[in-house]
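Residues per chain are reported as follows:
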Amino acid sequence: MNAMLRAAAAASICLSVLAAGQARANPWPAKPISLVVGYTAGGSVDLVARTIAPELGKRLGQSVVVDNLGGAGGTIGAAKVVKAEADGYTLLMGSGSEVSIARLTNPAVRYDGEKDLAPVTFVGTQPMVLVGKAALAANNADELIALARAQPGKLSYASSGVGTPLNLAGELIKQQGKVSITHVPYKGAPAMATDLLGGQIDLAVMVLSSALPHIQSGKVKAYGVTETRRAAVAPNVPALAESAALKGVDMSVWFGLMAPAATPKAVVDRLNTEMQAVLAMPEVRRKLAEAGVEVAPGNPGQFAAFVKRETAKYRGIVQTAGIQQ
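Under the annotation held in an unreviewed UniProt entry, the protein carries the name Tripartite tricarboxylate transporter substrate binding protein and is attributed to Cupriavidus respiraculi. Annotation of the protein in UniProt includes, under Sequence similarities (unreviewed entry), the sentence "Belongs to the UPF0065 (bug) family."

Written as structure tokens, this is what we have:
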């Protein structure tokens, strides 16, 4: 029996040595990497992923392939990454919607973005903006709040769906302004924009990059961005927080690279190092800035702390508004 045990131990040692040798021979990454986007092509998360992927691939020496898995508010894509092998070959270009908000508003979402995903690199933020139809009898945020208070429940605002960042931003505006405005959820931004331009809806919360052409053409009124500072791409659009009634409005769409929770620290650190270099490239920053994304790269610890703060903010909005899908 002892001889058998010695033989088994020897075999185990041989296998360990062989595995270590193979790891050295095939250091990560040894094959293409899948960068999952939980939305169809053309949206803001997809744009960020496609701007970063080619440059990240060059630095890693392997292709980084964007994999669009749209549906269920980004949760299908996020769930795939959560369940993936934690080997650094399946990553997520994450946003607040599928990482934090979905679990707070939809009991069917089983993963926990804070625990089941490893933050790698914070990329940056993109503001949302509150806009109104051209005929609305309010020309700035203060006048809009006064109008809404004078007509409780009469005004309506559109978002791209229940439980989206646009919906939560709209509810935060209502909570801060102490007004009653009816939420009208749409299945996507195009239909929402069409009805706003046609005057069928009073207000809408939109991603700034989508709303900007309509603002610049004068077809809609811009009441303010949802971050506390004005956006570099639209310096003439005030921040809603500049209004005394809305000084607590501070919310944005954010983007960051994430991996399955058990991904080795060495892989996370390598990814973060290369991402920092990619985000420092002038051409990458230019492309993201043109889309209204303000780059503010952060390391894994900073990213984790940011997600924790954002999730707490979302939880407060959701609980106060009673948002459920």
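Here we take up the overall build of the protein. Helices and strands together make up the secondary structure of the protein, namely 12 helices and 10 strands. Dimensions of the protein, computed from the C-alpha atoms along their principal axes, are close to 90 × 40 × 30 Å. A buried classification covers 50% of the 325 residues belonging to the protein. Accessible area for the protein stands at about 14,500 Å²; split by element, carbon and sulfur atoms hold 56% of it. The centroid of the 31 positive side-chain charges in the protein is displaced by 3 Å from the centroid of its 23 negative side-chain charges.

All right, on to the pattern of salt bridges then. Using the criterion set out here, one finds 15 salt bridges in the structure. Measuring nitrogen to oxygen at the nearest pair gives 3.3 Å for the salt bridge that ties Glu171 to Lys174. Placement of the pair is Glu171 and Lys174 together in helix H7 (residues 165–177), with a separation of three residues, close to one helical turn. Members of the salt-bridge network, linked through shared partners, are Arg59, Arg270 and Glu274.

This brings us to the packing of helix H2 (residues 44–60) against helix H10 (residues 265–279). Close contact between H2 and H10 brings their axes to 9 Å; oriented N to C, the two are set at 125°. In terms of axis orientation, H2 runs oblique to H10. In the crossing of H2 with H10, the sense of the turn from one axis to the other is right-handed. Between H2, through Ile52, Glu55, Leu56, Arg59 and Leu60, and H10, the contact on the second element is made entirely by Arg270, Leu271, Glu274, Met275, Ala277, Val278 and Leu279. Residues that form the contact of H2 with H10 fall into these classes: eight nonpolar, no polar and four charged.

Before going further, it helps to spend a moment on the nonpolar core. Residues Ile52, Met93, Val123, Val131 and Leu271 are the most contacted members of the largest nonpolar core, which totals 101 residues. No other element matches the eight residues that strand S4 (residues 117–133) contributes to this core. Residues contacting Leu271, with those up to four places away along its chain left out, are Trp28, Leu56, Leu60, Leu91, Val120, Thr121 and Leu257.

Close contact between helix H4 (residues 96–105) and helix H12 (residues 300–321) brings their axes to 10 Å; oriented N to C, the two are set at 40°. Pair H4 / H12 crosses with right-handed handedness. Taking contact as the criterion, the partners of Gly96, Val99, Ser100, Ile101, Leu104 and Thr105 in H4 are, on H12, Val307, Thr311, Tyr314, Arg315 and Val318.

At the junction of Trp28 and Pro29, the peptide bond is cis and its omega measures out at -5° in the coordinates. The backbone phi angle of Ala72 is positive, close to 55°, even though this residue is not glycine. If you trace the backbone, Ala72 turns up in the loop between strand S2 (64–68) and helix H3 (75–83). On the basis of relative accessibility, which here comes to 53%, the residue Ala72 falls in the exposed class. A positive phi angle, close to 55°, is found at Lys178, a residue other than glycine.

Rules and cut-offs
Residues numbered from 1 in each chain as written. Predicted model: local features only at pLDDT ≥ 70, side-chain atom pairs only at ≥ 80, totals over all residues. Heavy atoms only, no water. UniProt positions renumbered as here; feature names shortened; annotations may be inferred. Helix = DSSP H or I, 4+ residues; strand = E, 2+ residues; numbered from the N terminus. Buried < 20%, exposed > 50% of the residue type's maximum accessible area, 1.4 Å probe, protein only. Areas by Shrake-Rupley, 256 points an atom, 1.4 Å probe, with all protein chains shown as cover. Lys, Arg positive; Asp, Glu negative; His and termini not counted. Charge placed at Lys NZ, Arg CZ, Asp CG, Glu CD. Salt bridge = Lys/Arg side-chain N within 4 Å of Asp/Glu carboxyl O. Axes fitted to C-alpha atoms, helices over the stretch in contact; angles between N-to-C directions. Parallel < 35°, antiparallel > 145°, perpendicular 65-115°, else oblique. Left-handed = near helix turned anticlockwise from the far one by under 90°. Contact = heavy atoms within 4.5 Å. Nonpolar A, V, L, I, M, F, W, Y, C, P; charged D, E, K, R; others polar. Core = buried A, V, L, I, M, F, W, Y, C linked by side-chain atoms within 4.5 Å.

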